[in-house]
Amino acid sequence: MDVHVEHEPGRFFARVEGELAELVYERREGVLDVHHTYTPPALRGRDLAARLTDAAFAYAREHGLRIVPTCPYTQTYLARHPELRALAAPA
């Protein structure tokens, strides 16, 4: 599946089959606080949330930011990817 993740201030998103998957964040004082990740039910199981989260972590790394994983999905993602924990802001 070819997915193009786009970014605009406050969110990363992808349109797939007419549906919108998105990761919503707030940027403040050196961090991206990831509030919410949503994948429409018809698109679940296709790793769209992971691709959006990958994009958020890449953006944070590129801009010298840390991630605050407020979103439960982002917390789970970090648990599965220990190599990214250095980008997580301390609790």
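Refer to the structure presented above.
Note that this is a predicted model, so its numbers are computed, not measured.

**Student:** Help me understand the overall build of the protein chain in this model?
**Tutor:** A count of helical and extended segments in the protein chain gives 2 helices and 5 strands. Going residue by residue from the N terminus, the α and β elements of the protein chain occur as β-β-β-β-α-β-α. Computed over C-alpha atoms, the radius of gyration of the protein chain comes to 12 Å, within 12% of the 12 Å expected from 2.2 N^0.38 for 91 residues, which places it in the range of a compact globule. Counting over 91 residues, the protein chain shows a buried share of 43%. Sequence-distant contacts, at least 24 apart, represent 43% of the contacts inside the protein chain between residues at least 6 apart. With the model as given, the accessible surface of the protein chain reaches about 5,300 Å², and the carbon-plus-sulfur share is 49%.

**Student:** Sorry if this is basic, but what is going on with the pairing of strand S2 (residues 11–16) here?
**Tutor:** Each regular strand carries side chains that alternate between the two faces of the sheet. By the criterion of burial, S2 is predominantly enclosed, with 5 of the 6 residues buried. Summarising the sheet, strand S1 (residues 6–8) and S2 pair through 3 bridges and their orientation is antiparallel. Residue pairing for S2: His7 is matched across the bridge by Phe12. Between S1 and the antiparallel strand that follows it, S2, lie 2 residues; Gly10 among them carries a positive phi value of about 95°. Pairing of S2 with strand S3 (residues 19–28), which is carried by 6 bridges, proceeds in the antiparallel orientation. Paired with Ala14 across the two strands is Ala21, which belongs to S3. Here S2 hands over to S3 after 2 residues, with Glu17 in that stretch at a positive phi of 50°.

**Student:** Could you clarify how one ought to interpret the sheet that holds S2 in this entry?
**Tutor:** The strands that make up a sheet are held in pairs by hydrogen bonds between backbone atoms, and each pair lies either parallel or antiparallel. If you trace the 5 strands from one edge of the open sheet to the other, you get S1-S2-S3-S4-S5, paired in mixed fashion. A strand with exactly one partner marks an edge of an open sheet, and here the two such strands are S1 and strand S5 (66–68). Averaged over all neighbouring strand pairs, the angle between strand axes comes to 30°, with direction disregarded. The sheet contact formed by S3 and strand S4 (residues 31–38) spans 7 bridges and is antiparallel. What sits directly across from Leu23, in S4, is Thr37.

Definitions and limits used
Residues numbered from 1 in each chain as written. Predicted model: local features only at pLDDT ≥ 70, side-chain atom pairs only at ≥ 80, totals over all residues. Heavy atoms only, no water. Helix = DSSP H or I, 4+ residues; strand = E, 2+ residues; numbered from the N terminus. Rg over C-alpha atoms; globule rule 2.2 N^0.38 Å. Buried < 20%, exposed > 50% of the residue type's maximum accessible area, 1.4 Å probe, protein only. Contact = heavy atoms within 4.5 Å. Areas by Shrake-Rupley, 256 points an atom, 1.4 Å probe, with all protein chains shown as cover. Pairing = 2+ DSSP bridges. Axes fitted to C-alpha atoms, helices over the stretch in contact; angles between N-to-C directions.

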